[in-house]
Amino acid sequence: MSHCSCRDLTKMILGKLEGWSLGKYGVITEEGKRGTKSVGPNMTSCHPSYGRKDLLVDCCPPGFQSPLPFVDFQFPDPQSPLRIRRPAHAVDVDYIAKYDKALSIMKSLPHHDPRSFSRQANLHRLFCTGAYDQQNSNAPLSIHRTWLFFPWHRMMIYFHERILGSLIGDETFALPYWAWDIPQGMVIPDMYTNNSSSFYYTMRDVSHLPPQTADLNYVSDTNLSPEDQIDINLAFMYNQMVSGARKTELFMGCTYKAGKEGYCNGPGTIELAPHNALHTWIGSSLNPGREDMGKFYSAAKDPIFYAHHANIDRLWEVWREAHKQQLDIKDPDWLDSFFYFYDENLRLVRVKVGDVVDTIKLGYSYEQVHRPWLNMRPKPSYPPKLARQMLKTKEKNKLEMLSRTHVSSPELDTQGRALDASLTVKVRNHWRKKEKEEEKVIVVHGIEVKGDAYVKFDVYVNLIDQFKISPKFREFAGTFAHIPGGGAGKKKIDLKLGVSELLEDLEADQDESIWVTLLPTTPSCSNVTVGGVRM
Ligand code: C2O
């Protein structure tokens, strides 16, 4: 079997050949004429890309140089049975046997078959490390940290699921989802640790195998009891799904448009964590980038990737429903952004984001589970009145004001401030006089990550007690969890955190300014600089 090996091409000069972006995919389409800014790949532009800073990977599909014929996406027959994705911890032996069989067949297909497992895993590698340029442009294409995150991954596992089903002749086959957001699902599901199944995988952190409770906001190992970890996880989910996600961009990620200038770098709550955090938590601590799950170029080689992403996909549905679809993106540039995937009949299909918004039209849905995080609204760690008193005293304390960890200007040094220690910034509350309904947002802007290690810092508002740092307390505003890599171009990252409910609960929504604390939690934060904090 010819395999796409991950050749180390570090020394090779990465040159993009002029003219690669011509060809079928470079043709200006109808949309192009009306000036669309939708994003899509130029499939003939595939080139080696960096999996890690020190690892150039070359995994372009066979024959990519010439444009291939494709068909436009069509919805599956609405008469065909709905595929119901069920939680992986609750599926029965028959289902596991069926999935196991489908996956073994998929793994036995030769690499030239786009349905093969190696090619499926490569899809993620190609799109997630920036191996493609955009159509009509040599701007890199990226599918992380923007509003394309949810739809691209939905497309990927949609086709993956249908291929698996077709390999065993079962059109009801549905992927399982790893329900890590609910207590029963907060361990790696058993089916993935059975060493006689095709779900088994050795490149995982052995200390995180069952019965270890997953840490949805993972930084490093703790000694928390399972009960405490579960409580923190639920409070964290509340922040990421409810109070921190009351505005489209906060959940979906930033607005990404075509061309060099159109790129944005601003992930949504769920993508930051649990998504990134759990990738890191699963990956093996013995590998330099916690491969395989810990890096995007290798992540989809681990079968648990697909259950992880089924849950991400499900949470997108949960969020859409919670807002009665009112927060769905309506921008035609998002709806018309497109990708290509092979379907179960070996046809190359062009599929638009607008095609994949409605899962029922796509022929699948999720078995519902009880979601205890919905009611986990956290409480302030200090009575708000007392807290305000203490903050004012702190402010008067000149010594503390002069210390380098306490600054009163929201714009940090011109070069950006390194996050080698915790940093508290006084920020004017510009939202004080604005419409009540408008979601108040804190922006930690100009984040630059220089190293190649997993980076994580947490953000707190009006924090008083450095020992009460946990998503269980209302002062917690959100987190920055970052896996370096992804061919994103050079743009710095903006972290946006929705804080209306938090400010209300801290009784700070009418205050003239608030204190925002950035709390580095990984040593790699010394390679991170931040441009400033604003509201
Ligand atoms: Cu493309 Cu879970 O990442």
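Note that the structure is a prediction, hence the values are computed from the model and not measured.

Caption draft 1: Inspection of the pairing of strand E14 (residues 455–461) at higher detail. E14 sits mainly inside the fold: seven of its seven residues count as buried. Alternating positions in E14 separate into two faces, Val455, Phe457, Val459 and Val461 on one and Lys456, Asp458 and Tyr460 on the other, with burial throughout. With six bridges joining them, E14 and strand E15 (residues 476–482) adopt antiparallel strand pairing. The partner of Lys456 across the bridge, within E15, is Ala481. Relative to strand E17 (residues 513–520), E14 runs antiparallel, the two sharing five bridges. Bridge assignment links Asp458 to a residue of E17, and that residue is Leu519.

Caption draft 2: Just the UniProt feature "domain: Tyrosinase copper-binding" (unreviewed entry) in the chain, in detail. Under the local residue numbering, the UniProt record ascribes the feature "domain: Tyrosinase copper-binding" (unreviewed entry) to residues 302–313. Strand forms 0% of residues 302–313 and helix 83%; the C-alpha atoms that close the span are 18 Å apart.

Caption draft 3: Looking closely at empty space enclosed by the protein. This model, assessed by the stated rule, comprises four cavities of 30 Å³ or more. Of the voids in this model, the largest cavity is the one considered here, and its volume is about 280 Å³. Taken together, 20 residues line the largest cavity, and the ones lying closest to its centre are Met43, Pro61, Arg119, Tyr132 and Tyr342. For the lining of the largest cavity, the secondary-structure elements that each account for two or more residues are helix H3 (117–128) and strand E7 (338–342). Considered class by class, the residues forming the lining of the largest cavity number 15 nonpolar, four polar and one charged.

Caption draft 4: Representation of the side chain of His208. With respect to the element layout, His208 can be found in the loop between helix H4 (149–167) and helix H5 (226–243). Residues within four places of His208 in sequence aside, it is in contact with Ile188, Tyr218, Asp221, Trp281 and Arg290.

Caption draft 5: Examining the sheet that holds strand E4 (residues 71–72) more closely. Strand order in the open sheet formed by three strands is E4-E8-E7, with mixed pairing between adjacent strands. With one partner strand each, in any of the chains shown, E4 and E7 form the two edges of the open sheet. As paired elements, E4 and strand E8 (residues 348–352) share two bridges and run parallel to each other. Note on E8: the bridge partner recorded for Val71 is Val349.

Caption draft 6: A look at the confidence of the model for the chain. On average, residues of the chain carry a pLDDT of 89, and 90% of them reach 70 or more. Every residue in residues 1–34 is under pLDDT 50, and counting partners more than four places away or in other chains gives 69 contacts.

Caption draft 7: Quick look at the packing of aromatic side chains. Counted according to the given criterion, the structure contains 31 aromatic pairs. On the numbers, 5.9 Å between centres and 55 degrees between planes, the contact of Phe117 with Tyr306 is tilted. Residue Phe117 is found in helix H3, and its partner Tyr306 is found in helix H8 (residues 304–322); the two are separated by 189 residues along the sequence. Like Phe117, the residue Tyr306 is buried in the burial classification. Summarising the aromatic geometry, the rings of Trp147 and Trp334 are spaced 6.4 Å apart at their centres and angled 55 degrees between planes, so their arrangement reads as tilted. Pair noted here: Trp147 is in the loop between strand E6 (133–134) and H4 and Trp334 is in helix H9 (residues 332–335), with a separation of 187 residues, a long-range link. Judged by relative accessible area, Trp147 falls into the buried class, the value being 3%. Overall, Trp334 belongs to the buried group, its relative accessible area being 2%. Among the aromatic residues, those joined into a cluster by ring pairs are Phe73, Phe75, Phe127, Tyr132, Trp152, Tyr158, Phe159, Phe339 and Phe341. Across from the ring centre of Phe338, 5.8 Å away, lies the NZ or CZ of Arg350, which sits over that ring.

Caption draft 8: Structural context of helix H2 (residues 93–108). End to end, H2 covers 22 Å across 16 residues, agreeing with the expected 22 Å (1.5 Å per residue, within 8%). For H2, every residue scored as buried is listed here: Tyr95, Tyr99, Asp100, Ala102, Leu103 and Met106. Against the buried residues of H2 lie H3, H4 and H8.

Caption draft 9: Quick peek at the state of the cysteines. What the rule picks out here adds up to two disulfides. Disulfide partner of Cys46: Cys60, at an S-S distance of 2.1 Å. When the S-S torsion is -90 degrees, as for the bridge of Cys46 with Cys60, the disulfide is left-handed. Here the residue Cys46 occupies a position in the loop between strand E1 (41–42) and strand E2 (49–52), and Cys60 occupies one in the loop between strand E3 (55–57) and E4, the gap between them amounting to 14 residues. The exposure class of Cys60 is buried, given its relative accessible area of 16%. At a sulfur-sulfur separation of 2.0 Å, the disulfide partner of Cys254 is Cys264. Sign of the S-S torsion, about 85 degrees for the bond between Cys254 and Cys264, identifies this disulfide as right-handed. You can see Cys254 sitting in the loop between helix H6 (248–252) and helix H7 (269–282) and its partner Cys264 sitting in the loop between H6 and H7, a full 10 residues away along the chain.

Caption draft 10: Region of the structure containing the pattern of salt bridges. Considering all chains together, one arrives at 31 salt bridges under this definition. Between Arg162 and Glu344 there is a salt bridge, with the nearest N and O atoms lying 3.2 Å from each other. Taken together, the positions of Arg162 in helix H4 and Glu344 in the loop between E7 and E8 put the pair 182 residues apart, joining distant regions of the chain. Each member of the pair, Arg162 as well as Glu344, is classed as buried. For Lys456, the salt bridge identified is with Asp458, shortest N-O distance 2.9 Å.

Quick notes on the rules
As a convention, each chain's residues are numbered from 1 in the sequence order in which they are written. Where totals are concerned, whole chains, interfaces and linings use all residues; where local detail is concerned, this predicted model gives features only for residues with pLDDT of at least 70, and gives and counts side-chain atom pairs only at 80 or more. Computation of side-chain values covers all heavy atoms of the structure but excludes hydrogens and water. Only protein chains enter the accessibility calculation, which uses a 1.4 Å probe; a residue is then buried when its area is under 20% of its type maximum, exposed when over 50%, and partly exposed in between. In DSSP terms, a helix is any run of H or I states spanning at least four residues, a strand is any run of E spanning at least two, and both are numbered starting from the N terminus. Any two strands are treated as partners once DSSP identifies two or more bridges connecting them. UniProt positions are given in the numbering used here, feature names are shortened, and annotations may be inferred rather than shown by experiment. Think of a 1 Å grid over just the protein atoms. A cavity is a set of points where a 1.4 Å probe fits yet cannot get out, a pocket is an open set with protein on both sides within 12 Å along at least five of seven lines, and lining residues have an atom within 4 Å of a point. Grid points are joined across faces, edges and corners, and a volume is the space filled by probe spheres set on the points. Only Asp, Glu, Lys and Arg are considered charged in this grouping, and only Ala, Val, Leu, Ile, Met, Phe, Trp, Tyr, Cys and Pro are considered nonpolar; every other residue, Gly among them, is considered polar. Working rule for contacts: check all heavy atoms of both residues, and any pair within 4.5 Å makes them a contact. On a scale of 0 to 100, pLDDT captures the predictor's confidence in every residue. In this analysis, rings of Phe, Tyr and Trp, with Trp reduced to its six-membered ring, are considered paired at centre separations within 6.5 Å, and the interplanar angle assigns stacked below 30 degrees, edge-to-face beyond 60, and tilted for intermediate values. Criterion for a charge above a ring: Arg CZ or Lys NZ at most 6 Å from the ring centre, at most 35 degrees from the ring normal. For a helix, the expected span equals 1.5 Å multiplied by the number of residues minus one. The disulfide definition used here is simple: a pair of cysteine sulfur atoms within 2.5 Å. By convention in these notes, a salt bridge is any Lys or Arg side-chain nitrogen within 4 Å of a carboxyl oxygen on Asp or Glu.

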